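# A closer look at the structure
Residues per chain, in single letters:
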Amino acid sequence: MKNYLYILCFLLIGMSCKQEMLLVEAESFDHYGGWVLDAQFMDQMGSPFLMAHGLGEPVKDAYTEVEFPDLGEYKVFVRTRDWAGPNGPGHFSLLIDNVPLEKDFGNGGLGKWFWQEGGVIRVDTPKVKLALRDETGFNGRCDAVLFVPLSEDFIPSDDMDAVRELRSSVNSRGSKPREEGDFDLVVVGGGFAGICASVSAARLGLKVALIQNRPVLGGAASSEIRVNPIGGKGATPFPYNREIVKELMYPKEQRSYSEDLVDMDKKRLEVVTREKNISLYFNTHVNEVIMDNGRIKAVIGENVKDGSRLRFNAPLFVDCTGDASVGYLAGADFRMSRESHSLYNEAFAPEKEDSLLMGNSLYWYAKDEGVCSSFPDCPWALPINSDEEYEVSVPRWPMKKVPGITATSSWNWESGFTKDNIAEAEEIRDYN
């Protein structure tokens, strides 16, 4: 009997000494440096990530301090994306206590998200500093860093279900969401539609939750994207729909290059925060819907920085996401195509249904500085032809010359017309 007890005690001690894996999410870094948080494609690839968007100039390091559960040797894996092919840009280094690993990351994945091996490190102190060092200035991206004990025979899989399972088991993501309480109305999406719906409801006495997955309000009109709303406001049959819109607009016409748009972010935030009936949630991406007898009972949002999950209950919900993602999650009917003329008798519809969609715009402008400008060598980039579709010598939008601006391009530089604008969104962005 004593021998069995000795064996049992030995096994328990051995289990307690077993090293654990450590998964560090890039979005949880304490300091982003020059890297930016990109959460646009978390539904497709599973998570927000950090991206080094330096336009050819390497950005400042992102760094953080992590605490290892155990000391010893670990295999290193970095989840990254080789976005421009085997000879393209996007490379970066991982530094452990200021010492870069021998291997660069962000190459060799042939245009997909994958776990890239980084060798073996030895951890002699519990707290370790990690840093991401951009090498090219062109959109290197890091999703997570995984440390696997050398004694473990484990290699992370690139399969999306396996990645989700890994996150859930190591970082406890997907745990029970925190209750945010009951609201009269939940609005998902913080663009102009979402702001106006929230403010209008709040002024009518409703308790409102406004959920925005970006750090600013305004959607496409924010300083992040800079496409101001245009067109008729206050026209029949909705003569009063302009009243709140006017509160969100700059008093004079703006262009995408105007820094006044940064001030407008603040003004739109003030319009919302003045309403005591609105609870505003930034950086929260709704990716789950709770149904009850065919009606939405609650939505669950994920904080894009720390992965925490929040539940919002209400009898009424407004989908202002732009992609109708709440409706999709609720099981609503949808279509992605151009329907035939015979279906709704629309004047501009094609005779036969096709898969053509709206494109995704690359909006840029240039001005004459009076001196020669240098540009980084981009042998991996797509060639620009001399075809009329690429002609940008005269600003296309707005349709008049703008003081100080030599050339612009917006709607005439688009791609993705025949691709799935949601499932292939990151590929379309990278192509642009």
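Scroll up to find the structure this text is about.
Notes on the structure follow. (Residues numbered from 1 in each chain as written. Predicted model: local features only at pLDDT ≥ 70, side-chain atom pairs only at ≥ 80, totals over all residues. Heavy atoms only, no water.)

This part takes up the nonpolar core. Within the largest apolar cluster, 32 residues are counted, with the highest numbers of intra-cluster contacts made by L50, L94, L132 and F147. Discounting residues that sit within four places of it in the chain, L50 has contacts with A26, E27, F29, Y32, W35, V36, L37, A62, L132, G140, R141 and C142. In this structure, A201, L210, V271 and C320 belong to the second largest nonpolar core, which totals 20 residues. (Core = buried A, V, L, I, M, F, W, Y, C linked by side-chain atoms within 4.5 Å. Buried < 20%, exposed > 50% of the residue type's maximum accessible area, 1.4 Å probe, protein only. Contact = heavy atoms within 4.5 Å.)

Taking 1.5 Å of rise per residue, the 14 residues of helix α6 (residues 260–273) would be expected to cover 20 Å, and the 20 Å separating its terminal C-alpha atoms lies within 8% of that figure. Residues of α6 that are buried: D260, L261, M264, D265, R268, V271 and V272. Buried residues of α6, seen end-on, are gathered within an arc of 160° and therefore sit on one face of the element. Against the buried residues of α6 lie α4 (192–203), β13 (208–211), α5 (242–248) and β14 (278–281). (Helix = DSSP H or I, 4+ residues; strand = E, 2+ residues; numbered from the N terminus. Expected span 1.5 Å × (residues − 1). Arc of directions from axis to C-beta.)

The next thing to look at is the packing of α4 against α6. Two numbers describe how α4 lies on α6: the axes approach to 10 Å, and their chain directions differ by 25°. With respect to their mutual orientation, α4 and α6 come out roughly parallel. Considering how the two elements wind past one another, α4 and α6 form a crossing that is left-handed. Residues F192, I195 and V199 of α4 lie in contact with α6, whose contacting residues are R268, V271 and V272. (Axes fitted to C-alpha atoms, helices over the stretch in contact; angles between N-to-C directions. Parallel < 35°, antiparallel > 145°, perpendicular 65-115°, else oblique. Left-handed = near helix turned anticlockwise from the far one by under 90°.)

With that settled, the discussion passes to α4. Over its 12 residues, α4 runs 16 Å from end to end, which matches the ideal 16 Å to within 8%, given 1.5 Å per residue. Where α4 is concerned, the buried positions are F192, G194, I195, C196, S198, V199, A201 and A202. Among the structural elements, β12 (185–188), β13, α5, α6 and β14 are those in contact with the buried residues of α4. Positive phi shows up at G205, right after α4, with a value of about 100°.

Glancing now at the environment of A202. Take A202: it is sitting in helix α4. A C-alpha to C-alpha distance of 5.3 Å links A202 and N277, two positions 75 residues apart in sequence.

Further remarks concern the pattern of salt bridges. Enumeration over the complete set of coordinates arrives at 24 salt bridges. The shortest N-O distance in the salt bridge between R81 and E427 comes to 4.0 Å. Taken together, the residues R81 in strand β5 (residues 72–81) and E427 in helix α9 (residues 425–431) connect sequence positions 346 residues apart. A salt bridge links E353 to R335; its shortest N-O distance comes to 3.4 Å. Taken together, the residues span a long stretch of sequence, with E353 in the loop between α8 (341–344) and β19 (360–361) and R335 in the loop between α7 (325–329) and α8 at a distance of 18 residues. Looking at R335, the relative accessible area reads 40%, which means it is partly exposed. Bridged by salt links that share partners, the residues D38, R81, R141, E426, E427, R429 and D430 form one connected network. (Salt bridge = Lys/Arg side-chain N within 4 Å of Asp/Glu carboxyl O.)

Okay, the sheet that holds strand β6 (residues 92–96) next. With antiparallel pairing, the four strands of this open sheet are ordered in space as β4-β9-β6-β7. Edge strands, defined here as strands with exactly one partner in the open sheet, are β4 (62–67) and β7 (99–100). Bridge count between β4 and strand β9 (residues 127–134): six bridges; the pairing is antiparallel. In the sheet register, E67 faces β9, and the bridge partner there is K127. (Pairing = 2+ DSSP bridges.)

Summed over the entire model, instances satisfying the criterion amount to 10 aromatic pairs. With a centroid separation of 5.7 Å and an interplanar angle of 75°, the aromatic rings of W83 and W380 are classed as edge-to-face. With W83 in the loop between β5 and β6 and W380 in the loop between β20 (364–366) and β21 (407–409), the pair connects residues that are 297 residues apart, well separated along the chain. Classification of W83 as buried rests on a relative accessible area of 15%. Given a relative accessible area of 26%, W380 falls into the partly exposed group. Look at F138 and W380: their rings are 5.1 Å apart centre to centre, the planes differ by 75°, and that puts the pair in the edge-to-face class. Residue F138 is found in strand β10 (residues 138–149), and its partner W380 is found in the loop between β20 and β21; the two are separated by 242 residues along the sequence. (Phe/Tyr/Trp six-rings, centres within 6.5 Å; stacked < 30°, edge-to-face > 60°.)

On to the side chain of D134. Secondary-structure assignment places D134 in strand β9. Buried charge D134 goes without a salt bridge, the closest partner of opposite sign being R133 at 9.6 Å. A polar side-chain atom of D134 sits 3.0 Å from the main-chain amide nitrogen of V59. Here the side chain of D134 touches G137 through a polar contact of 3.1 Å, landing on its backbone nitrogen. Residues contacting D134, with those up to four places away along its chain left out, are W35, A52, E57, P58, V59, H91 and F92. (Lys, Arg positive; Asp, Glu negative; His and termini not counted. Polar contact = N/O pair within 3.5 Å; in protein donor to acceptor, adjacent residues only side chain to side chain.)

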